[in-house]
Amino acid sequence: MKHPDDDNELFNRLEAEMGADSNGDVVDLDKARSARTESADDTPDASPDSAPDRSGDSKPIESADSETGESDDSGPALVDRPAPTRSGPGLIDRIRDSKRLDIIPVWMKSGAEFKDAMGWLAGHVWHTIAFHAVRVPFLYVPKLIWRSPSGLVNALGRIGRWAVDAEGEPLRQAEARRENSELYLKLSRQRDRRVRLRMLITILGGLSALVVGLFLVFGAELTTQVIAAAVTVLTLGWLGAPADAPLATRAVIKTEVQKLTSDIVVKAMASIGIGQIASAVAKGQDGVRFVAPITREGPGWRADIDLPLGVTVADVADRRARLASGLRRPLGCVWPDADPNEHEGRLILWVGDRDLSKTGTVKWALANVRKHDIFKRVPFGIDPRGRAQSVPMIQHNILVGSLPGQGKTASVRVLACGAALDPSVELWLHENKGTGDLDSLECVSHRFVSGIDDDSIRYAADSLKLLREEVMRRAAAIKKLPRDLCPDKRVTRAIADKRSLKLWPLVGVFDECQNLFAHPKYGKQAGDDAEFIIKLGRALGVILVLATQRPDKDSLPTGISGNVSIRFALKVAGQVENDMILGTSAYKNGVRATSFRPEIDAGNGYLAGATALPVVVRTAYLDDPATNAIAQRAHALRKAEGTLSGHALGEDTENTSGPSYDLLADVAAVVPPSEKRVWNERIAARLAELRPEVYGGWKGENVTSALKPHGIKTTGVAGTTDDGERTTRRGIVRDDLTKVIAERDENRGAA
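Here the structure is a predicted model, which means the values were calculated and not measured.

**Quick look at the overall build of the protein chain**
So, step 1. For the protein chain, the count of helices and strands is 25 helices and 18 strands.
So, step 2. Taken across its 751 residues, the protein chain has 39% of its residues classed as buried.
So, step 3. Restricting to contacts in the protein chain with at least 6 residues of sequence separation, those with at least 24 account for 67%.
So, step 4. Accessible area for the protein chain stands at about 43300 Å²; split by element, carbon and sulfur atoms hold 55% of it.

**What to know about the sheet that holds strand E16 (residues 677-679)**
So, step 1. Taken in spatial order, the three strands of this open sheet run E16-E18-E17, and their pairing is antiparallel. The open sheet has two free edges, formed respectively by E16 and strand E17 (715-720), since each of these has just one partner strand. Strand after strand, the sheet turns through a mean of 60 degrees between neighbouring axes, direction not considered.
So, step 2. As judged from the three bridges shared by E16 and strand E18 (residues 726-733), these two strands associate in the antiparallel manner. Looking across to E18, one finds that Val678 is bridged to Ile732.

**Quick word on the side chain of Ser456**
So, step 1. Turning to its location among the elements, Ser456 is positioned in helix H14 (residues 454-480).
So, step 2. Side-chain polar atoms of Ser456 contact the side chain of Asp453, separated by 3.0 Å.

**Considerations on a nonpolar patch on the surface**
So, step 1. Together, Ile103, Ile104, Met108, Phe114, Met118, Trp120, Leu121, Val125, Trp126 and Ile129 line one region of the surface with nonpolar side chains, adding up to about 1100 Å² of accessible area.
So, step 2. Looking at the nonpolar patch, the element that brings in the most residues is helix H5 (residues 111-163), giving seven residues.
So, step 3. Overall, Ile103 belongs to the exposed group, its relative accessible area being 85%.

**A closer look at the packing of H14 against helix H17 (residues 523-536)**
So, step 1. Two elements in contact, H14 and H17, have axes separated by 9 Å at closest approach and are oriented at 35 degrees. Considering only the axes of H14 and H17, their crossing is left-handed. Along the contact surface, H14 presents Ala461, Leu464, Lys465, Leu467, Arg468, Val471 and Met472, while H17 presents Gln525, Ala526, Asp528, Asp529, Ala530, Phe532, Ile533 and Leu536.
So, step 2. Tallied by class, residues from the contact of H14 with H17 come to ten nonpolar, one polar and four charged.

**Regarding the environment of Ala278**
So, step 1. Along the chain, the position of Ala278 falls in helix H10 (residues 275-282).
So, step 2. Taking the relative accessible area as the measure of exposure, Ala278 reaches 30% and is therefore partly exposed.
So, step 3. The sequence separation of Ala278 and Lys267 amounts to eleven residues, and the corresponding C-alpha distance is 9.0 Å.

**Overview of the pairing of strand E6 (residues 378-382)**
So, step 1. Judged by how many residues are buried, E6 sits mostly within the fold: five of five residues are covered.
So, step 2. Where E6 lies against strand E7 (residues 388-391), four bridges are found, and the strand directions are antiparallel. Counterpart to Pro379 in the pairing with E7 is Ser390.
So, step 3. In sequence, E6 turns back onto E7 through a hairpin of five residues, with Gly386 there showing a positive phi of about 85 degrees.
So, step 4. Taken together, the two bridges between E6 and strand E15 (residues 615-619) define a ladder with antiparallel strand orientation. Among the inter-strand pairings, Ile382 is bridged to a residue of E15, identified as Arg618.

**Observations concerning the nonpolar core**
So, step 1. Of all hydrophobic cores here, the largest spans 48 residues; its most connected members are Leu464, Leu467, Phe510, Leu516, Phe517, Leu544 and Leu582.
So, step 2. Those elements that place two or more of their residues in this core are H14, helix H15 (493-497), strand E11 (506-511), helix H16 (514-517), H17, strand E12 (542-548), helix H19 (575-582) and strand E14 (604-608).
So, step 3. For this core, the leading source of residues is H14, giving eight residues.
So, step 4. When sequence neighbours within four positions are dropped, the list of residues in contact with Leu467 reads Trp428, Leu506, Phe510, Ile533, Val542 and Leu544.
So, step 5. Residues Ala416, Ala610, Leu622 and Ala631 belong to the second largest nonpolar core, which totals 45 residues.

**Here's the deal with helix H13 (residues 408-420)**
So, step 1. Helix length check: H13 (13 residues) gives 19 Å between terminal C-alpha atoms against 18 Å at 1.5 Å per residue, within 8%.
So, step 2. Among the 13 residues in H13, 13 count as buried, and that is most of the element.

**Some points on unusual backbone geometry**
So, step 1. A positive phi angle, close to 55 degrees, is found at Asp165, a residue other than glycine.
So, step 2. Note on placement: Asp165 falls in the loop between H5 and helix H6 (169-177).
So, step 3. Given a relative accessible area of 2%, Asp165 falls into the buried group.
So, step 4. Residues other than glycine seldom take positive phi values, yet Ser585 does so here, at roughly 70 degrees.
So, step 5. Structurally, Ser585 is set in the loop between H19 and E14.

**Quick word on the pairing of strand E3 (residues 300-306)**
So, step 1. Counted residue by residue, E3 has seven buried out of seven residues, so it is predominantly covered.
So, step 2. With two bridges joining them, strand E2 (residues 295-296) and E3 adopt antiparallel strand pairing. Its bridge partner lying in E3, Arg296 is registered against Trp301.
So, step 3. Between E2 and E3, which pair antiparallel one after the other, the connecting turn spans three residues, and Gly298 there sits at a positive phi close to 65 degrees.
So, step 4. Taken together, the seven bridges between E3 and strand E5 (residues 346-352) define a ladder with antiparallel strand orientation. Of the residues in E5, the one forming a bridge with Arg302 is Trp350.

Definitions and cut-offs
- Residues numbered from 1 in each chain as written.
- Predicted model: local features only at pLDDT ≥ 70, side-chain atom pairs only at ≥ 80, totals over all residues.
- Heavy atoms only, no water.
- Helix = DSSP H or I, 4+ residues; strand = E, 2+ residues; numbered from the N terminus.
- Buried < 20%, exposed > 50% of the residue type's maximum accessible area, 1.4 Å probe, protein only.
- Contact = heavy atoms within 4.5 Å.
- Areas by Shrake-Rupley, 256 points an atom, 1.4 Å probe, with all protein chains shown as cover.
- Pairing = 2+ DSSP bridges.
- Axes fitted to C-alpha atoms, helices over the stretch in contact; angles between N-to-C directions.
- Polar contact = N/O pair within 3.5 Å; in protein donor to acceptor, adjacent residues only side chain to side chain.
- Patch = residues over 30% accessible without salt bridge, like charges linked within 9 Å, V, L, I, M, F, W, Y side chains within 5 Å.
- Salt bridge = Lys/Arg side-chain N within 4 Å of Asp/Glu carboxyl O.
- Left-handed = near helix turned anticlockwise from the far one by under 90°.
- Nonpolar A, V, L, I, M, F, W, Y, C, P; charged D, E, K, R; others polar.
- Core = buried A, V, L, I, M, F, W, Y, C linked by side-chain atoms within 4.5 Å.
- Expected span 1.5 Å × (residues − 1).

Below is the structure:
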C-alpha cells in the first residue's frame, strides 16, 4: 500500500536531484511521480539494514562523469533556478527605454492638423452665430411678443405669491394637521412678519413702477419710450416661456456617444468568442489587461490592451463585427489595430464617435497648392482617427484594386494629380475603361490614351515596351554617373533636376489594367514588360501605378502582384482577391478588405506598404472640376519650365513603338538657313523623306497642327511651284522656328 508520505518523499528527492544537476534534460514530473510510486511498491524498504549486498557484483560502479557525451536519463533536470535572480535591464535602462507622453498634443505640433482644428472651430462658432442671427428678427422676437401677456400674468402671480408668503403655506398646513400648535403658532408669527414687510415692499414697488410708467408715457422722448416698451415686452416674453418650449433652438445637435469604459470593453471582448477571455470573465476576472488609461484620441476613444497569452490582434480583428456588436457601435466606428512597437498581443482598440463612411468628402491637402515635390509623400486621405495619411511614390510601385464602383479610379486620380503637380514628372496615362476618368490630365501627359478597343490596348502595351527600354537606358546612364553625384545608384531630386541627364521621374498609370494583361494578343508581353519595370525601375525613377477591378492570376500576373511595394485594397469579393492585392496571408493576418460594405464604404480601403502596418484609409476625393483645375496649374508649371512633351504638345505618339524624336529639330534639319520662308507641304515631304516611319503620309495640315502647340504660327508665304508658277501658300518663317528652339533650350538649361 502507498504510504501517505511517499509524495513528500518523492518531492524531496526530486528537489535534491534537480539541485545536484541543473544541466539535464527537461522531464515530465507526472511521469516521474508514477515511476517513483511503482518503484516504491516493488522494492523493499530502503533502510540501511536492509540494503542489498553488492560485494558480489562483478560490474564496477561507473562514475556519473565517465561518459561526458551521454546524457543521464535516470533523474529529472532543473528547469528554473531554486532562487530567482534579478535579470533584464537595470533601473537606468528601464527609465531610458520608457515611453514619454507628448507634452503638447500631436495635433497642435502639426501645422496642417492645427490649421484644420482651428478652421473647424472658427466654422463652428460662425455657424452658431449666423444660425441665431437669422432667427432673432423672424422667430425669436415674434415669440417673445406672443408670450408677453403670459409673462405679465406669471410675473404678477409670482409677486403676489411672494407678498403673501404662499411658499410657506404647505408647511403650516402640515403642522396644523399634526396638531403641533406650538410650531404652528411660531410659523404663523413668522408669516405675519414676512407678509407685513413684503406687502410694504410690494406697494412701494408698485407705486414706483406706476410713476416710471406715467413718466415714460407722458414725459419721456419717443426713443426712450420705444426702448422701454421693447425691453418690457421682451422681458415679459422671456418670463412667459413654457418650461418645455425654449425660445431658441440648437444650432448644432451634438451626437451623444457613450463614453468608452473598461467595463464596456471587457464585456465586449468576452462576447466575441475567444475562449481565454470568455473563461476568465466567467470566473470574475477581466480577461484582458489595460496597460494605459482609456483616453480621447481624435474623434474617438483609445484603449491600449494586453490580450491573454496566445491571443493575437489578428484574432480580434477577425471578430471585428462581433466586437462592434458588443460595444453597441456601428461597424465603421470600431477599429482594432496592432502596436508595431510592442508584442503581437498588444491591441490598440480605437472606437470612433461616428462611422468612417459618414465622415463625408475628404478634402485633398494639395487641392489648392501650386506645386508639389514628388520626392516627398503625396497626401492620400485620412485614417479612422482623422490623421492624415500619405503615400511615397519615388522608389515604389503602387497597386490599387477593388470591386467596381468602390472608388478605385478616384484613388488613382489623387495619385496622378500628386505627380502632375511636380513639373519635372513625365506622365504616361492609360485609362483602359474608355469613360474618360483621366481626361482632365491629358494636357500634361507625355503619352495618353482612353479606350477599351484593341488600338487603345495596343497603345498601352507599346507604352510598357517603351518603358522597359527606358529602364534599360536609365540603368546604363546611372552606372556612368560619378559616385559623388550618385552614391546610391538611384535617382534623387538633384539628379532629376539635371535635365541633360534625362533621368527625371516617369510615372506610368494603367487604370483597368486587367483589360491589358488579359488581352489575348498583347497581354502576355505586357505582363512580362510590367514585371521587368517593377523589379528594376524602382530605383531609376520609373513608377508604375496599376489599378484593377479583377485581381486574378490571368488579369494580374503573380509576378506583378508579388513585387509591388505599396498596395491599396478597397472592397473586394473574397480571400483570394484580398491576398492578390494586399499580399499573401493578409487575410489570415486580419487585414481584410472583404469587411468593407458595398457602396456604404466606397472610398475606404486598406493601405499596405506606406506605413509600418496596414492602415484603413478613407481617400480624398477629387471631382472632375477639381481635377481640371489642378491639371491647368500643372500645365502652366510645365509650360513655364519647358517640360511639356509628347502628347501634351500635340505630337502624335500613338503609332510610335520605338524611340521618340524632336519635331522642332527635325524641321530645322530639313529647312536650311538660306531658306527664310518655306511652305508647310514642302516641310511635310522632306520630313517624310527624313523619317518615313514617323512622318510618312504627312501633309501640310499635319505640319500646321504639330507646330501650333509650340507657338509657331503659319502665315502666307509667296513662292514658286515645281511648274514655275508663282503663288502664295501656308508656310512658316524659319526665324520663328529658331527663336522657339532657342527659348526651349534656354529653359531646359535653366531647369
